[in-house]
Amino acid sequence: MLINLAATCAYSFYIYSLKSDAVRQEVDRRLHSATAAAPLMLPRDYFDRATAPGAIGSAEYRRLLSDFDRYCQTVGLRYLYVFMPVGERLVYLMDSATPAEVQRGHYGRYFTPYSGPISTLKNILAEGQPRFVEYRDAYGEFRSLFVPGVTADGRPYLIGADVGTGYIASQLRGALRQSLFIGLATFSVGLMLSLLLTWQLSRPVEALVSGVRRIEAGDYSARVAWRSGDELGQLATSFNTMSGAVAEREREMLRLAFVDPLTGLANRTRLIEAIESHLVGEPAHFAVVLFDLDQFKYINDYLGYQVGDAAIAALGRRLAGALGSAGEVCARLSGDEYAVLFPETDLRRLPERLARIQAMLAQPVVVAGQRLELGASMGVALYPEHGDSGDLLLRHAEVAMYAAKRQHQSHALYDPGLEQNRQTQLALLSDLRNAVAENQFVVCYQPKVRMKDGEIDAAEALVRWRHPERGWIPPGDFIPFAEQTGRLRAITQWVIDDVLKRSVEWERDGICIAVSVNVGMSDAEDATFVDFVEDALLRLQVDPSRLCLEITETGGMSRQVELMGNLERLRRLGVRLSIDDFGTGYSSFAYLAQMPVHELKIDRSFVQALDYKFENVSIVRSIIELGHILGLQVVAEGVETESAWQALAVMGCDEAQGYLVAKPMPAEEFARWYLATPMLPYTPPDMSVYDADTLPEVLHQLSGVRAPDNG
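Structure report, in brief. Not measured: the values here are computed from a predicted model.

Reading the values: rules and limits
Residues numbered from 1 in each chain as written. Predicted model: local features only at pLDDT ≥ 70, side-chain atom pairs only at ≥ 80, totals over all residues. Heavy atoms only, no water. Pairing = 2+ DSSP bridges. Helix = DSSP H or I, 4+ residues; strand = E, 2+ residues; numbered from the N terminus. Axes fitted to C-alpha atoms, helices over the stretch in contact; angles between N-to-C directions. Contact = heavy atoms within 4.5 Å. Buried < 20%, exposed > 50% of the residue type's maximum accessible area, 1.4 Å probe, protein only. Phe/Tyr/Trp six-rings, centres within 6.5 Å; stacked < 30°, edge-to-face > 60°. Salt bridge = Lys/Arg side-chain N within 4 Å of Asp/Glu carboxyl O.

1. Focus on the sheet that holds strand β6 (residues 286-293)
Part 1 of the reasoning: The strand order across the open sheet formed by five strands is β7-β8-β6-β11-β12, and the pairing between neighbours is mixed. Edge strands, defined here as strands with exactly one partner in the open sheet, are β7 (329-334) and β12 (411-413). Here the average twist between neighbouring strands, direction ignored, is 20 degrees.
Part 2 of the reasoning: The sheet contact formed by strand β11 (residues 376-383) and β12 spans three bridges and is parallel. Bridge assignment links V380 to a residue of β12, and that residue is L413.
Part 3 of the reasoning: Packing of helix α11 (residues 305-322) onto the sheet brings it into contact with β6, β7 and β8 (337-343), and relative to β8 it is tilted by some 5 degrees.

Below is the structure:
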């Protein structure tokens, strides 16, 4: 009996040891898997942006936090976090255990979740080797794995994963209870049955040990073929269930690491891996095409993000069905941005590849009963001309894509000059932040002449940037860029404020003219901009009729109701309103009759063509007649020749401005020019009353442009 008891106790202890080791190994594997998965769940540039204040937005941080928290719940971890050393402190980058703090907006601070000596973490970073650490704090006891890493630019970081020792203890207590139960059952059977049972159970134990070793080696398909109903059979079933769950989690981790969950397409990591694998085969040529959907934010803004996500998913299915043969890889990178790898593609075959993408985008997507027309701007990088790595080719394709957007083209091929232009724009963006505060802008004034009597009763304010290092920067270089980056509003408000102050000074000197200021369509659609104009007029005590706001007609009208309401409000204030660049926008005739404006300006492209293109005479005359029918003043800009001046006067144009009268001048020079009573070109009488058959011949005699032969 004593021998039987001793053998039973020894065997029970052996079983308990096996289960204890299996529990600890399973916990350690969880920690290893978690620390390996953490970098894959973060964007590639996360470490570069996370240490910069404000670079990680609250929405992005919450999304990543949700991914970390969901992962921890899936794999049974307590905490998963990432931090980076900066000086003597640790910069917190991500922690699945701080949702309450994130809800209050406190993220991006310095702290360490480890309650032991900070030197331990520094030693791990210095050694560059993973280390298990067990510690206790106010929340309990934990077993942690700290894994050091290094970013692409050589900065160290540390990933930590925790599991509570309470979980381990509960598993071990279960193992102990089961071992004691086996011991009692074995002891009751007797010595002979114990020996027989020991012999019978030696085989499954060996199978379990073998399975544990296979899992330890990374083979998660290990299974124990033991189907008995006893405790070892249950242990084998538990082992099989555990190994199956680990294998499933491993597959899910790989899926999350390489597949976009919304579309089922490859993600950025998978695409770069495909490009690098393609490079191993030393191909002669291939192309990387990157594109995003034009104006897609309006779908999210007006139809909701659910419709936007559904549209992206539908487009993803369409791309997956059409792009995937002969080694092609289509990936969704982020938001509405996609990329395609086209093998065996050079400059000669590129048009056919791009035509395939355009054909797919030309077909509307129907979501929730809405028919959505999707367009895209594409950027192309070719191997080997534009790069020899996946990251470089993707970056160059992105540079080309943004060039296509700026140039309003369907696609653009990467050119090194685009990179230089992008760097210049980034430098301008940084400088624009300080340009208004440091008073680097200068307002120049170009007079507008009333053609019937030669009276100078208005001028247009044109902003110029006097950069302290680059000198004078043309408006065409910074105005579009300021509009894209949202900084044009501050410049426009500064110009209006400066113009109103100047109007007060000029009125004291006897210069009583209206000054026009260019305003973007986005400003005109915003009620807060109207509030600013009203406050400025009251603050400076300026007659509202001295201010004319020129709305750029080529800007897209996305909020018609708000625009019309704001224009009505400005008109009631007494501010004059004008439509700028008339004739170049798609919405001119559809909305002009509804807009409460006072004047329209003929675009300079039509005016300057009067000297050499007779067809423009009819166009300009039609615009003037249309403006007069609607009761509007008509202003011609870009008048540079006397023949154009005289032709406009004959056609009944109300006002003109251009280099023929004067170039834009700083305020002091303009005042001197105005008070000097400048000489103006000869103005013939208004002959707009002539009929359509007689007027062309008169204009022909004035301008020297040959009238077309009508047969």
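2. A short note on the environment of T151
Part 1 of the reasoning: As for its position among the elements, T151 is in the loop between β4 (140-150) and β5 (156-164).
Part 2 of the reasoning: On the basis of relative accessibility, which here comes to 10%, the residue T151 falls in the buried class.
Part 3 of the reasoning: When the C-alpha positions of T151 and R44 are compared, they lie 9.6 Å apart, and in sequence the two are 107 residues distant.
Part 4 of the reasoning: Once residues within four sequence positions are removed from consideration, T151 is found in contact with F47, M84 and Y157.

3. So, the packing of aromatic side chains
Part 1 of the reasoning: Tallying each qualifying case throughout the model produces ten aromatic pairs.
Part 2 of the reasoning: One aromatic cluster is present, built from ring pairs that chain together Y445, W506, F670, W673 and Y674.

4. Comments concerning the pairing of strand β2 (residues 89-95)
Part 1 of the reasoning: Most of β2 is tucked away, with six of its seven residues classed as buried.
Part 2 of the reasoning: Both strand β1 (residues 79-86) and β2 contribute to a ladder of six bridges, which runs antiparallel. Note on β2: the bridge partner recorded for V82 is M94.
Part 3 of the reasoning: Connecting the antiparallel pair β1 and β2 is a turn made up of two residues, with G87 showing a positive phi of about 65 degrees.

5. A short note on the environment of K452
Part 1 of the reasoning: Along the chain, K452 falls in the loop between β13 (441-450) and β14 (455-467).
Part 2 of the reasoning: Here K452 falls in the exposed class, since its relative accessible area comes to 73%.
Part 3 of the reasoning: Sequence spacing of K452 and A649 is 197 residues, and the spatial spacing of their C-alpha atoms is 7.6 Å.

6. Examining the pattern of salt bridges
Part 1 of the reasoning: By the definition in use, this model includes 30 salt bridges.
Part 2 of the reasoning: In this structure, E550 engages K448 in a salt bridge whose closest nitrogen and oxygen atoms are separated by 3.8 Å. Taken together, the positions of E550 in strand β17 (residues 547-552) and K448 in strand β13 put the pair 102 residues apart, joining distant regions of the chain.
Part 3 of the reasoning: Across the pair D497 and K501 runs a salt bridge, and its minimum N-O distance is 3.2 Å. In this pair, D497 and K501 both sit in helix α16 (residues 488-508), four residues apart, roughly one turn of the helix.
Part 4 of the reasoning: According to the relative accessible area criterion, K501 is partly exposed, its value standing at 41%.

Read these as layout, nothing more, since geometry by itself doesn't imply function.
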